[in-house]
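Coordinate inspection notes
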Amino acid sequence: MSHGQRTACSATDWLMAAAGPSGSSSENRSVPFCNCEYPAVTRSRHTAKKVERCRCGEDTSTRLDWVWDGEEAHPDTRITNGTELVFHPVYSQGTAVIRGTQPLQQGRHHYWEIKVLSTLAGTDIMLGIGTDKIDLLAHRFKFASVLGQDDQSWGYSYRGLTQHNGQLRYYGKKFSQGRIIGIYVDMFRGVLEFYLNRRSQGRAYANLPRDAAVRVYPMVCSTSAKSS
């Protein structure tokens with residue numbers, strides 16, 4: 001598959017810098033981070049035009065505190081360099097869930113970004129966190145909004161909703177191709193917050209477990225074919 005159908009995920013943790021508040025708007029759809037054109041899923045072989053992969057906003061740091069876990073990965077997930085994901089590269093028959101290789105350390109601030117390089121559609125695509133009690137293959141043949149279905153995970157849907165313990169609520173703007181989603185986790189205060197194109201969408205949850213025995217991981221889930 002072309003590079004334009006993969007997601008560049010910066011898995012570097014760092015202390016959060018201050019960010020401006022999200023602007024208010026009656027329109028719930030977000031706009032892309034930049035004005036770059038993205039490669040189409042299919043192009044006519046007679047088309048001479050070539051579209052270079054967008055690199056806008058991507059972190060060039062080589063220091064990664066964690067990458068996506070290939071050993072625990074869903075069979076329908078492709079991982080490149082530990083940071084690039086393609087879900088259901090042929091067709092989708094359920095929900096793919098993947099997590100990071102390392103749990104988030106207690107008492108620290110964590111932040112990472114995911115850049116969406118494909119058009120999103122289908123039951124759900126969610127970004128967030130979950131504990132090691134989440135069965136990553138439980139929904140392999142089911143279409144579901146996995147992150148936040150129970151009290152062991154928290155998710156932000158591409159439909160603009162958040163979910164935890166089975167409770168969906170309106171939260172921020174919808175997102176799709178060309179957006180950069182930031183996930184900020186304060187493991188000292190137990191706070192979760194999401195950013196869209198580097199603007200805060202507001203505090204999502206303030207009830208994260210702070211027990212050192214609870215292992216919390218970065219997570220993503222998708223039901224959409226060829227999503228990245």
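Attention in this report is confined to the structure presented alongside it. These numbers come from a predicted model, not from an experiment.

Digging into the overall build of the protein
- What the protein contains, in helices and strands, is 0 helices and 13 strands.
- Put simply, the protein runs from its N terminus to its C terminus through helices and strands in the order β-β-β-β-β-β-β-β-β-β-β-β-β.
- By residue count, 52% of the 228 residues in the protein fall in the buried class.
- Excluding contacts between residues fewer than 6 apart, the proportion of contacts in the protein whose partners are at least 24 apart in sequence is 68%.
- Only carbon and sulfur atoms are counted for the fraction: they give 48% of the accessible area of the protein, which is about 11,100 Å².

With respect to the packing of aromatic side chains
- Throughout the structure, instances matching the rule amount to 7 aromatic pairs.
- Geometrically, the ring pair formed by Y156 and Y171 is edge-to-face, given 5.4 Å between the ring centres and 85° between the ring planes. With a gap of 15 residues between them, Y156 in strand β7 (residues 153-157) and Y171 in the loop between β9 (167-170) and β10 (180-186) connect regions that are remote in the sequence.
- The exposure class of Y171 is buried, given its relative accessible area of 15%.

Considering the side chain of D69
- Tracing the sequence through the fold places D69 in the loop between β1 (7-10) and β2 (77-80).
- Buried within the structure, D69 lacks any salt-bridge partner; R99 is the closest side chain of opposite charge, at an N-O distance of 4.4 Å.
- Polar side-chain contacts of D69 include one of 3.0 Å to the backbone nitrogen of E71.
- If we ignore the near neighbours within four places in the chain, the residues touching D69 are I79, I98, R99, G100 and T101.

Some points on the environment of V67
- Mapping V67 onto the fold places it in the loop between β1 and β2.
- Taking the C-alpha atoms as reference, V67 lies 9.7 Å from I79; in sequence the two are 12 residues apart.

Some words on the sheet that holds strand β6 (residues 125-131)
- On the basis of which strands lie adjacent, the open sheet formed by 6 strands has the order β4-β13-β6-β7-β8-β9 and antiparallel pairing. Each edge of the sheet is formed by a strand with only one pairing partner; in this case those strands are β4 (96-99) and β9. On average, each strand axis in the sheet is inclined to that of its neighbour by 20°, with strand direction left out of account.
- With 7 bridges connecting them, β6 and strand β13 (residues 216-222) associate as antiparallel partners.

Digging into the pattern of salt bridges
- What the rule picks out here adds up to 4 salt bridges.
- For E113, the salt bridge is made with R198, and the minimal N-O distance between the two is 2.9 Å. Linking E113 in strand β5 (residues 109-115) with R198 in the loop between β11 (191-196) and β12 (199-205), this pair joins segments that are 85 residues apart in sequence.
- Under the relative-accessibility criterion, R198 is labelled partly exposed at 36%.
- Salt-bridge contacts for R215 lead to D132; the nearest nitrogen and oxygen are separated by 4.0 Å.

Some remarks on the environment of G190
- Structurally, G190 is set in the loop between β10 and β11.
- For G190, a relative accessible area of 1% corresponds to the buried category.
- Between the alpha carbons of G190 and R108 there is a distance of 9.9 Å; along the sequence they are 82 residues apart.
- Ignoring sequence-local partners within four residues, the contact set of G190 consists of Y205, A206, N207, L208 and R210.

Cut-offs and rules
- Residues numbered from 1 in each chain as written.
- Predicted model: local features only at pLDDT ≥ 70, side-chain atom pairs only at ≥ 80, totals over all residues.
- Heavy atoms only, no water.
- Helix = DSSP H or I, 4+ residues; strand = E, 2+ residues; numbered from the N terminus.
- Buried < 20%, exposed > 50% of the residue type's maximum accessible area, 1.4 Å probe, protein only.
- Contact = heavy atoms within 4.5 Å.
- Areas by Shrake-Rupley, 256 points an atom, 1.4 Å probe, with all protein chains shown as cover.
- Phe/Tyr/Trp six-rings, centres within 6.5 Å; stacked < 30°, edge-to-face > 60°.
- Lys, Arg positive; Asp, Glu negative; His and termini not counted.
- Salt bridge = Lys/Arg side-chain N within 4 Å of Asp/Glu carboxyl O.
- Polar contact = N/O pair within 3.5 Å; in protein donor to acceptor, adjacent residues only side chain to side chain.
- Pairing = 2+ DSSP bridges.
- Axes fitted to C-alpha atoms, helices over the stretch in contact; angles between N-to-C directions.

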